[in-house]
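Listed below are the residues making up each chain.
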2 protein chains.
Amino acid sequence: MSEVLKSNNKTSELQTATNFQFANSVDCVIFAYDGRVLKVLLIESDLPDYKGQCSLLGDLLRPDEDLAEASHRVLSEKVGLTNVFLEQVKSFGSFKRHPSGRVITTAYLALVNIKDVQLNKMGNALSWHAVSKINSMAFDHKLILDTCLQVLQRKIQEEPIIFNLLEKRFSLRDLQLLFEQILGIEFDRRNFRKKLFTTGLLTDVGEMEKDVKHRPGKLYTFNHEAYEQIKKKSFVGILF
Amino acid sequence: MSEVLKSNNKTSELQTATNFQFANSVDCVIFAYDGRVLKVLLIESDLPDYKGQCSLLGDLLRPDEDLAEASHRVLSEKVGLTNVFLEQVKSFGSFKRHPSGRVITTAYLALVNIKDVQLNKMGNALSWHAVSKINSMAFDHKLILDTCLQVLQRKIQEEPIIFNLLEKRFSLRDLQLLFEQILGIEFDRRNFRKKLFTTGLLTDVGEMEKDVKHRPGKLYTFNHEAYEQIKKKSFVGILF
DNA sequence: ACAAAAGTGTTGCTGGTACACCCATGT
DNA sequence: ACATGGGTGTACCAGCAACACTTTTGT
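Numbering of residues starts from 1 in every chain and runs along the sequence as written. As they are written, the chains are lettered A onward and the ligands numbered 1 onward, keeping that order. Where totals are concerned, whole chains, interfaces and linings use all residues; where local detail is concerned, this predicted model gives features only for residues with pLDDT of at least 70, and gives and counts side-chain atom pairs only at 80 or more. The basis for every side-chain value is the complete set of heavy atoms in the structure, and neither hydrogens nor water enter the calculation.

Description of the protein's contact with DNA strand D
Here is the rule: Any residue with a heavy atom lying within 4 Å of a molecule or strand is counted as near it. In the analysis that follows, any N or O atom pair within 3.5 Å is treated as a polar contact, provided that within protein one partner can donate a hydrogen and the other can accept it, and provided that, for residues neighboring in sequence, both atoms belong to side chains.
Taken together, 21 residues are adjacent to DNA strand D, and Arg 215 of chain A together with Arg 173, Arg 189, Arg 190 and Arg 193 of chain B come closest. Taking the atoms of DNA strand D that fall within 4 Å of the protein, sugar and phosphate contribute 43% of them. In the environment of DNA strand D, a phosphate oxygen lies 2.6 Å from a nitrogen or oxygen atom belonging to the side chain of Arg 193 of chain B.

Some words on the interface of chain B and chain A
Accessible area lost upon the coming together of the parts is a frequently used measure of interface size. What counts here: We call two residues contacting when some pair of their heavy atoms lies within 4.5 Å. Note: buried area is the sum, over both parts, of the accessible area (probe 1.4 Å) each one loses when the two are combined. Put simply, a salt bridge is a Lys or Arg side-chain nitrogen that is within 4 Å of an Asp or Glu carboxyl oxygen. Ten residue types, Ala, Val, Leu, Ile, Met, Phe, Trp, Tyr, Cys and Pro, are classed as nonpolar, four, Asp, Glu, Lys and Arg, as charged, and the remainder, Gly among them, as polar.
Contacts between the two partners involve 71 residues from chain B and, on the opposite side, 71 residues from chain A. Summed over both partners, the interface of chain B with chain A comes to about 6,300 Å²; 60% of that surface belongs to carbon and sulfur atoms. The interface formed by chain B and chain A contains zero salt bridges. The residue makeup of the side of chain B that touches chain A, split by class, is 32 nonpolar, 21 polar and 18 charged.

As for the packing of aromatic side chains
Applicable threshold: Ring pairs are drawn from Phe, Tyr and Trp, using the six-membered ring of Trp, whenever the two centres fall within 6.5 Å, and their geometry is named by plane angle: stacked under 30 degrees, edge-to-face over 60, tilted for the rest. Numbering goes from the N terminus for both helices and strands, where a helix is a DSSP run of H or I of at least four residues and a strand is a run of E of at least two. We call a residue buried when its accessible area falls under 20% of the maximum for its residue type, exposed when it is over 50%, and partly exposed in between, using a 1.4 Å probe and counting protein chains only.
Counted by the stated rule, this structure contains 18 aromatic pairs over all chains. Centroid distance Phe 197 of chain B to Tyr 220 of chain B: 5.7 Å. Interplanar angle 55 degrees. Geometry classified as tilted. With a gap of 23 residues between them, Phe 197 of chain B in helix H7 (residues 189-199) and Tyr 220 of chain B in strand S9 (residues 218-222) connect regions that are remote in the sequence. Looking at Phe 197 of chain B, the relative accessible area reads 39%, which means it is partly exposed. Both rings, one in Phe 222 of chain B and one in Tyr 227 of chain B, keep their centres 6.2 Å apart while their planes meet at 50 degrees; by these two values the pair is tilted. Of the two residues examined, Phe 222 of chain B and Tyr 227 of chain B, each falls in the buried class. Here the aromatic residues Phe 163, Phe 170, Phe 179, Phe 187, Phe 192, Phe 222 and Tyr 227 of chain A together with Phe 240 of chain B are joined through ring pairs into a cluster of three or more.

A closer look at the domain arrangement of chain A
All names here are of chain A. Heads up, the rule is: Where each domain begins and ends is defined by an automated method or by a domain database.
For chain A, the assigned domains are domain 1 (21-158) and domain 2 (166-232). The centre of domain 1, based on its C-alpha atoms, is set 28 Å off from the matching centre of domain 2. At the junction of the two partners, domain 1 supplies ten residues and domain 2 supplies nine residues. With both sides pooled, the region where domain 1 packs onto domain 2 buries about 910 Å², and carbon together with sulfur makes up 64% of that total. Among the residues of domain 1 in contact with domain 2, Tyr 33, Asn 113 and Ile 156 are the three that bury the most area, contributing 51% of the side total. Our count for the contact surface shared by domain 1 and domain 2 stands at one salt bridge.

With respect to the relation of the copies chain B and chain A
The criterion, for reference: Our superposition of the copies is a least-squares fit, built on the C-alpha atoms of residues whose pLDDT is at least 70 in both.
Between chain B and chain A, which share one sequence, the superposing operator has a rotation angle of 180 degrees and an axial displacement of 0.0 Å; the RMSD is 0.0 Å. These values place the two chain copies in the arrangement generated by a two-fold rotation axis. No C-alpha of chain B approaches the rotation axis more nearly than that of Phe 22 of chain B, which lies at 2.6 Å. Comparing interface residues between copies, 100% of those in chain B also lie at the interface in chain A; the contact surface is shared.

Comments concerning the protein's contact with DNA strand C
Neighbouring residues of DNA strand C: 21 residues in total, closest Arg 173, Arg 189, Arg 190 and Arg 193 of chain A together with Arg 190 of chain B. Of all atoms in DNA strand C that approach within 4 Å of the protein, 46% are sugar or phosphate atoms. The contact in question runs from a base nitrogen of DNA strand C to an N or O atom on the side chain of Arg 215 of chain A, over 3.2 Å. With respect to DNA strand C, the side chain of Lys 194 of chain B contributes an N or O atom lying 3.2 Å from a base nitrogen.

Structural notes on the packing of helix H6 (residues 172-183) of chain B against H7 of chain B
When two helices pack together, you describe them by how their axes are tilted relative to each other and by the distance separating the axes. Residues and elements named next belong to chain B. To keep it simple, the criterion reads: Axis geometry follows a simple rule: fit a line to the C-alpha atoms, using only the stretch in contact for helices, then measure angles between N-to-C directions, giving values from 0 to 180 degrees. Here the angle decides the label: under 35 degrees means roughly parallel, over 145 means roughly antiparallel, 65 to 115 means roughly perpendicular, and every other value means oblique.
Put simply, H6 and H7 touch, their axes get as near as 11 Å, and they point 105 degrees apart. By the angle between their directions, the pair H6 and H7 is classed as roughly perpendicular. Taken together, the residues of H7 that come into contact with H6 (itself represented by Leu 172, Leu 175, Gln 176 and Phe 179) are Arg 189, Phe 192, Arg 193, Leu 196 and Phe 197. When grouped by side-chain class, the residues that make up the contact of H6 with H7 number six nonpolar, one polar and two charged.

Notes on the pattern of salt bridges
Within this structure, the stated rule accounts for 28 salt bridges over all chains. The shortest N-O distance in the salt bridge between Glu 77 of chain B and Arg 62 of chain B comes to 3.6 Å. A residue pair is termed long-range when its members are at least 10 positions apart, and Glu 77 of chain B in helix H3 (residues 67-79) and Arg 62 of chain B in the loop between strand S4 (57-60) and H3 qualify at 15 residues. Among the salt bridges present, the one from Arg 169 of chain B reaches Glu 207 of chain B, with a minimum N-O distance of 2.9 Å. Remark: Glu 207 of chain B occurs in strand S8 (residues 202-208) and Arg 169 of chain B occurs in the loop between helix H5 (141-158) and H6; sequence separation between them is 38 residues. Each member of the salt-bridge network shares a partner with another, and the members are Asp 59, Arg 62, Glu 65, Arg 73 and Glu 77 of chain A.

Description of the packing of helix H5 (residues 141-158) of chain A against helix H6 (residues 172-183) of chain A
Residues and elements named next belong to chain A. At a closest axis distance of 9 Å, the pairing of H5 and H6 adopts a crossing angle of 140 degrees. Facing H5, whose interface residues are Leu 152, Gln 153, Ile 156 and Gln 157, H6 presents Phe 179, Ile 182 and Leu 183. Of the residues in the contact of H5 with H6, the class split is five nonpolar, two polar and no charged.

Rendered as structure tokens:
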């Protein structure tokens, strides 16, 4: 082991250029819901190694930007979206994960409304893929996707982030179907309604669905203010 | 914006050395319990910028190792521990977080048994600090510590990782005090016992505490096998 | 009229919380 | 005997799950 690596801190090593041999990137797992299934936005790889395979949208980290900034930049530059729900999930640093060199990537979970994305404007190789149908991807991106899907499944049960996937106004049916899609289970309609109402997070906007070929349902919005109030109350429910 | 950064993937850029100007590190937030309060293992910084302040134990990522490997190496080389509970928490990539250059660090949560750590053997600047007493640290390490503490608080309620902080055999009192320390709340003793017993994760080892100046309590171990069985049953409890 | 989904209430069970008394050990 | 904490049981309440019928709209 070199002396350099034995030191208490990193100063001595940082002065040497030999340690600056890493590239860092962010990769965004951009989820959306088309009303039927959960989808993820991918780009076709043009690397020879991964001919025809898809990869996540990402980019190299710039010298002057933060990880979070980089993830927002990817959404902005490559998808044309700002003010997106973005949350860091995990970093992947296997030294063989990228064919062209040592790249450490940090995965971000993005939840967008599918109607906000205009693929024709962003052109070319971007497309939505049903999450359940994806078998292989470029690099280790399938692993990253799976990891983010699991995090999504956990998080929608802990925080009301699922609303980022719906339009401002939605029916209870929309909401339930989306929960069921993501979690892969079904709920009793009546109990689901009761539970959601008792959270106090849904505001009845006083309008109804239109253009449905059955009795139209009421439309709701997510009540941010109510959630901010509720959040303060501590959550404790010891159990593994 | 350069053409290079507009490309669909990262190949072209990776070939150039200009993108390999980052250093990556891991920093371990090593928690332990001394029977009274939650502690974290820190090292005194010898950087002039951070004279007298403490920092987490970390090291630069080597060209040939994974992030997880690096975190285990830190525990092994600097604390003399192997087979430690280690879990990635978050990466921190602010471009001004390190005075000597651009370092992206990935924080790991480590849970160890305090008796396994022999500070005298590791020598010098390592020491345990009560988590609640720490006001400032070198770099952005206070932020990292706070983040990891929050993750710890959440995780001990979701998974039985708390046992990593106790000895193999422990009394219910030990376990309850530790929960209370970490979460900063108190539990009713009788309800706590019932709840833990109903999980089926505690095995009565048929022995009692010794050297206590009151009625000795039974000792238990964590039942890994039972947990593996239980884990299979899916957890769903929609609520935010 | 029929199909499709909206909307609504009750009951039983389970799990959480609040709470009080007796027991074993060391001093 | 006293102090300290171990060990146990009960009663109430809230939240969840299971379950069926009526209503509204479009075709």
